[in-house]
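In case you want the letters, here they are:
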Amino acid sequence: MIKITPNEIKVLSKYIYDISGIFLDEKKAYLLETRLKMIMDAEGFTSYQALYQRAISEKSGQMQRKIIDAVTTNETLFFRDKSPFEMFKYKVMPDLIDKRSAQTAGSMPINIRIWSAACSTGQEIYSLAIILKELIPDQKKYRIKLLGTDISDDAVAQASYGKYNRFEIERGLEKDQLQRYFVSNGNAWKIRDDIRAMAVFQKRNLMESFTGIGQFDIVFCRNVAIYFSIEDRKKLFEKIAGVLAPDGYLIIGSTESLTGICPQFEPQRHLRSVFYTLKNK
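Keep in mind that what you see is a predicted model, and the values were worked out from it rather than measured.

Visitor: Give me the lowdown on the overall build of the protein chain, citing residues and values where you can.
Guide: Regarding its fold elements, the protein chain presents 11 helices and 10 strands. Counting only C-alpha atoms and orienting by the principal axes, one finds that the protein chain spans roughly 65 × 50 × 35 Å. A buried classification covers 49% of the 281 residues belonging to the protein chain. Excluding contacts between residues fewer than 6 apart, the proportion of contacts in the protein chain whose partners are at least 24 apart in sequence is 73%. Looking at the protein chain as shown, the accessible area adds up to about 14,200 Å², and 51% of this sits on carbon and sulfur atoms.

Written out as structure tokens, the structure reads:
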């Protein structure tokens with residue numbers, strides 16, 4: 001493996017931060033080497049400076065996309081950490097349905113919008129869709145829209161197609177769920193069409209403006225802000241506060257906290273999990 005020099009770390013880290021918001025310092029040298037190894041080998045680069053020069057000089061942006069795909073963490077699985085999904089099923093969604101039913105005075109359909117920010121290859125959003133199918137078998141009374149966004153082209157492409165290999169499908173998915181919500185596709189499994197139709201996927205950089213994205217009742221933004229600087233975390237959650245319904249719900253990673261990050265939110269505890277709501281103005 002080609003070793004990265006201190007100056008190359010400095011140059012590449014700034015470049016990666018500028019295009020993705022991901023903050024990497026000299027302590028992440030090994031991570032850069034391992035994540036970028038496949039690109040280095042495929043292109044025959046003998047230095048990371050050569051990789052950087054190609055990326056900034058290439059008008060097509062292809063190398064930039066490859067770098068983003070390489071450094072972003074697409075580590076995910078179905079029903080990851082389980083507790084947030086149990087909270088979604090037994091607390092957040094029932095409460096939201098009660099509130100929306102009261103607000104609409106019985107008129108149908110009831111609009112519900114859910115955003116999975118940094119959705120990776122789609123396992124999180126399809127886990128939510130499966131729960132919604134089980135929770136609301138007859139969805140004619142509702143207009144449910146799921147949005148999944150990620151900065152990685154490859155991740156968005158796989159999420160949009162909804163196809164997973166055996167390793168991916170066995171991570172977090174129970175056998176009865178596999179049989180009910182997926183169809184065999186060669187050596188892989190594909191999400192059922194009616195589940196797939198519940199979600200829309202887009203490429204989006206969370207460091208950029210949220211203009212035009214709309215308003216959401218529930219936002220999942222788990223295990224992505226940990227790769228941002230404190231200042232960028234503040235900016236991110238301030239923007240999320242701006243697109244969350246006044247009585248909406250924000251769910252972040254189990255090891256994350258908004259204490260000292262975004263004063264607009266206050267934590268609410270349910271069993272072993274925490275969700276956030278906007279403070280009353």
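Visitor: If you had to explain the sheet that holds strand E4 (residues 182–185) to someone new, which residues and values would you point to?
Guide: Taking strand neighbours across the sheet as the criterion, the three strands line up as E3-E5-E4 in an open arrangement whose pairing is antiparallel. For this open sheet the edge positions go to strand E3 (163–165) and E4, each flanked by a neighbour on one side alone. Taking the axes of each pair of neighbouring strands and ignoring which way they run, one obtains an average angle of 35° across the sheet. In this sheet, strand E5 (residues 188–191) lies alongside E4 in antiparallel orientation, the contact comprising four bridges. Considered in E5, the bridge of Ser184 is made with Trp189.

Visitor: Which residues make up helix H3 (residues 48–57), and what values go with them?
Guide: Among the residues of H3, Tyr48, Leu51, Tyr52 and Ala55 are the ones counted as buried. Seen along its axis, H3 keeps its buried residues to an arc of 95°; they face one direction. As for H3, its buried residues are in contact with helix H1 (6–20), helix H2 (29–43) and helix H4 (62–71).

Visitor: Account for the packing of aromatic side chains, with residues named and values stated.
Guide: In total, this model carries 11 aromatic pairs according to the counting rule given. When the centroid spacing of 6.2 Å and the interplanar angle of 25° are considered together, the rings of Phe85 and Phe220 count as stacked. Of this pair, Phe85 sits in helix H5 (residues 83–104) while Phe220 sits in strand E7 (residues 216–221); the two residues are 135 residues apart in sequence, bridging distant segments of the chain. Measuring from centroid to centroid gives 6.4 Å for Tyr126 and Tyr164, while their planes differ by 80°, and the two rings are edge-to-face. With Tyr126 in helix H6 (residues 123–135) and Tyr164 in strand E3, the pair connects residues that are 38 residues apart, well separated along the chain. In this pair, the class of Tyr126 matches that of Tyr164, namely buried. Through a chain of ring-to-ring contacts, the aromatic side chains of Phe78, Tyr126, Tyr164, Phe182 and Phe201 assemble into a single cluster. The ring of Tyr161 has Lys190 lying over it, and the distance from NZ or CZ to the ring centre is 4.5 Å. When the ring centre of Phe210 is taken as reference, the NZ or CZ atom of Lys239 above it lies at 4.6 Å.

Visitor: If you had to explain the pattern of salt bridges to someone new, which residues and values would you point to?
Guide: For the coordinates displayed, the defined rule picks out 17 salt bridges. In this structure, the salt-bridge partner of Asp176 is Arg180, at a minimum N-O distance of 2.7 Å. On the criterion of helical spacing, the pair formed by Asp176 and Arg180 is a turn pair, its members being four residues apart in helix H9 (residues 175–181). Given a relative accessible area of 37%, Arg180 falls into the partly exposed group. Connected through shared salt-bridge partners, Lys89, Glu134, Asp176 and Arg180 make up one network.

Visitor: Can you tell me about the packing of H1 against H2, naming the residues and giving the values?
Guide: Contact pair H1 / H2: the axes reach a minimum separation of 11 Å and the direction vectors enclose 70°. Comparing their axes, H2 and H1 come out roughly perpendicular. The residues of H2 that touch H1, namely those facing Ile9, Leu12, Ser13 and Ile16, are Ala29, Leu32 and Leu36. Residues that form the contact of H1 with H2 fall into these classes: six nonpolar, one polar and no charged.

Visitor: Tell me about the nonpolar core, residues and numbers included.
Guide: Of all hydrophobic cores here, the largest spans 50 residues; its most connected members are Leu36, Ile67, Trp115, Phe237, Leu250 and Phe265. When residues no more than four places from it in sequence are discounted, the contact partners of Phe237 are Cys221, Ala225, Leu250, Ile252, Leu258, Ile261, Cys262 and Phe265.

Visitor: Break down the environment of Gln179 for me, with residues and values.
Guide: Here Gln179 is to be found in helix H9. On the basis of relative accessible area, Gln179 is assigned to the exposed category, the value being 58%. Separated by 15 residues in sequence, Gln179 and Asp194 place their C-alpha atoms 14 Å apart.

About the cut-offs
- Numbers given for residues are sequential positions, taken from 1 along each chain in its written order.
- Local features are withheld for residues below a pLDDT of 70 in this predicted model, meaning they are given only at 70 or higher, and side-chain atom pairs are given and counted only at 80 or more; totals for whole chains, interfaces and linings count all residues.
- Heavy atoms from the whole structure form the basis of all side-chain values; hydrogens and water molecules are not counted.
- In DSSP terms, a helix is any run of H or I states spanning at least four residues, a strand is any run of E spanning at least two, and both are numbered starting from the N terminus.
- The cut-offs for exposure are 20% and 50% of the maximum accessible area for each residue type, with area from a 1.4 Å probe on protein chains only; residues under the lower value are buried, those over the upper are exposed, and the others partly exposed.
- Here, residues are in contact when the closest pair of their heavy atoms is within 4.5 Å.
- What sets the accessible areas is the Shrake-Rupley method with a 1.4 Å probe; for residues, cover comes only from the shown protein chains.
- For two strands to be treated as a pair, DSSP must find at least two bridges joining them.
- To obtain each axis, a line is fitted to C-alpha atoms, and for helices this fit is confined to the stretch in contact; angles are then taken between N-to-C directions over 0 to 180 degrees.
- Comment: arc refers to directions from the helix axis out to C-beta atoms.
- Pairing of aromatic rings covers Phe, Tyr and Trp, the last through its six-membered ring, and needs centres within 6.5 Å; plane angles under 30 degrees mean stacked, over 60 mean edge-to-face, and all others mean tilted.
- Look at NZ for Lys and CZ for Arg. If either is within 6 Å of the ring centre and within 35 degrees of the ring normal, a charge sits over the ring.
- Salt bridge, as applied in this entry: a Lys or Arg side-chain nitrogen positioned within 4 Å of an Asp or Glu carboxyl oxygen.
- Throughout, the term roughly parallel applies to angles under 35 degrees, roughly antiparallel to angles over 145, roughly perpendicular to angles from 65 to 115, and oblique to all others.
- When residue character is reported, Ala, Val, Leu, Ile, Met, Phe, Trp, Tyr, Cys and Pro are called nonpolar, Asp, Glu, Lys and Arg charged, and the others, Gly included, polar.
- Buried Ala, Val, Leu, Ile, Met, Phe, Trp, Tyr and Cys residues form a nonpolar core when they are joined through side-chain atoms within 4.5 Å.

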